[in-house]
Structure formats: structure tokens, C-alpha cells
Amino acid sequence: MNRDTRGGFYISQIKQLGSRIFEKLLKDNDIEDFNGAQGRILFVLWQKDNLPISELGEKTSLAKTTLTSMLDRMAEQGHIQRNHDPKDRRQTLITLTDKAKLLSNSYDVVSDQMNQLFYKGFSDEEMKQLDTMLVKVLHNLKEYEE
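Everything in this summary refers to the structure shown in the same document.

Conventions used here
Residues numbered from 1 in each chain as written. Predicted model: local features only at pLDDT ≥ 70, side-chain atom pairs only at ≥ 80, totals over all residues. Heavy atoms only, no water. Patch = residues over 30% accessible without salt bridge, like charges linked within 9 Å, V, L, I, M, F, W, Y side chains within 5 Å. Areas by Shrake-Rupley, 256 points an atom, 1.4 Å probe, with all protein chains shown as cover. Salt bridge = Lys/Arg side-chain N within 4 Å of Asp/Glu carboxyl O. Lys, Arg positive; Asp, Glu negative; His and termini not counted. Charge placed at Lys NZ, Arg CZ, Asp CG, Glu CD. Helix = DSSP H or I, 4+ residues; strand = E, 2+ residues; numbered from the N terminus. Buried < 20%, exposed > 50% of the residue type's maximum accessible area, 1.4 Å probe, protein only. 1 Å grid on protein atoms, 1.4 Å probe; cavity = no way out; pocket = protein on both sides within 12 Å on 5 of 7 lines; lining within 4 Å. Points joined across faces, edges and corners; volume = space filled by probe spheres on them. Nonpolar A, V, L, I, M, F, W, Y, C, P; charged D, E, K, R; others polar. Expected span 1.5 Å × (residues − 1). Polar contact = N/O pair within 3.5 Å; in protein donor to acceptor, adjacent residues only side chain to side chain.

**What to know about a negative patch on the surface**
Reasoning step 1: Together, Glu58, Glu143, Glu145 and Glu146 make up a negatively charged patch on the protein surface.
Reasoning step 2: On the secondary structure map, Glu145 appears in helix α7 (residues 124–145).
Reasoning step 3: For Glu145, a relative accessible area of 70% puts it in the exposed group.

**Some words on the pattern of salt bridges**
Reasoning step 1: Taken as a whole and assessed by the stated rule, the structure comprises five salt bridges.
Reasoning step 2: Its salt-bridge partner being Glu55, residue Lys48 comes within 3.8 Å of it at the nearest N-O pair.
Reasoning step 3: When its relative accessible area of 23% is taken as the criterion, Glu55 is described as partly exposed.
Reasoning step 4: Residues participating in the shared-partner salt-bridge network are Lys48, Glu55 and Lys59.

**Description of the layout of surface pockets**
Reasoning step 1: Taken as a whole, the largest pocket holds about 2,300 Å³ of empty space.
Reasoning step 2: Those elements that provide at least two residues to the lining of the largest pocket are α1 (7–28), α2 (36–47), α3 (53–60), α6 (104–118) and α7.
Reasoning step 3: Considering only residue class, the lining of the largest pocket consists of 24 nonpolar, 13 polar and 10 charged.

**Notes on α2**
Reasoning step 1: In this model α2 runs 17 Å from its N-terminal to its C-terminal C-alpha over 12 residues, within 8% of the 16 Å that 1.5 Å per residue would give.
Reasoning step 2: Looking at α2, one finds that the buried residues are Gly36, Gln38, Gly39, Ile41, Leu42, Val44, Leu45 and Trp46.
Reasoning step 3: The N-capping residue of α2, defined by a side-chain oxygen 3.1 Å from the backbone nitrogen of Ala37, is Asn35.

Have a look at this one:
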């Protein structure tokens, strides 16, 4: 393996810088209902609501303790509810409130702005290639963690 690679370092920098820019875009768009980290949880739930905490953690890659404290805050803000799964009472489902469902359009505006910054100067083919490679890296890391 080539030891002159710096992919992990670049990904770490991209995450840090991207998070700061995302927070700025939320502020610039007068979105105060949630922060960038909460937006990641909301984004997953906007795709598929009523998820078990374990699946939400898997889809967001957040540690259970981090996710739990974030969900507590989001419940206090009126964004999510915890409900028992009618099929398995031991399982807790995370459900969006109507208030949170209405925030989706605001998030989409900021997400589109972020994507424009992220993929600036990329051809359609380059965007697909990058996404494919990043999914591969994510898979490798998840596989190692298991």
C-alpha cells in the first residue's frame, strides 16, 4: 500500500471545514430550529421516518451515547418523539413531529448550497466517481468497526 496517501487526513479536514460552513449557511438562511449535527439526524428521518435508535445510529454513524443526548435535546425542541414499536415493546422508534417535517424545505436549500460548494468544478462523472469512492471508504470503515 502506498504510504504517501493522505485521504483520511483530507476527509477529516473536509468534515471540520464543511461543518463550519454548513453552520454558517444555516445562520445565513435564518435557520435557527436546528444545528448541523441535528440536521444530519433529521435528514435521515426525512428519508425514512419511524426508525429504531440502532438503525438511526447506523445511518448517521453517531455513537449511541452521542445520539442519545442529541435525541434528548431534539425531543425537548419538539423535533422528534420516542415511541415504542407496537411489534416489539423493547424497541424504541424515533419519529418526526409535524414541526420537524416542515423544516425539510429549509434544510434542502442549505443542502443545495453546500453541494454547490462541495462539487464546484466537478464534472457529472467526477461527482459520481467521488461518491462511489467515498461509499467504498465508508464501507471499509464500517466493516472494520464491526
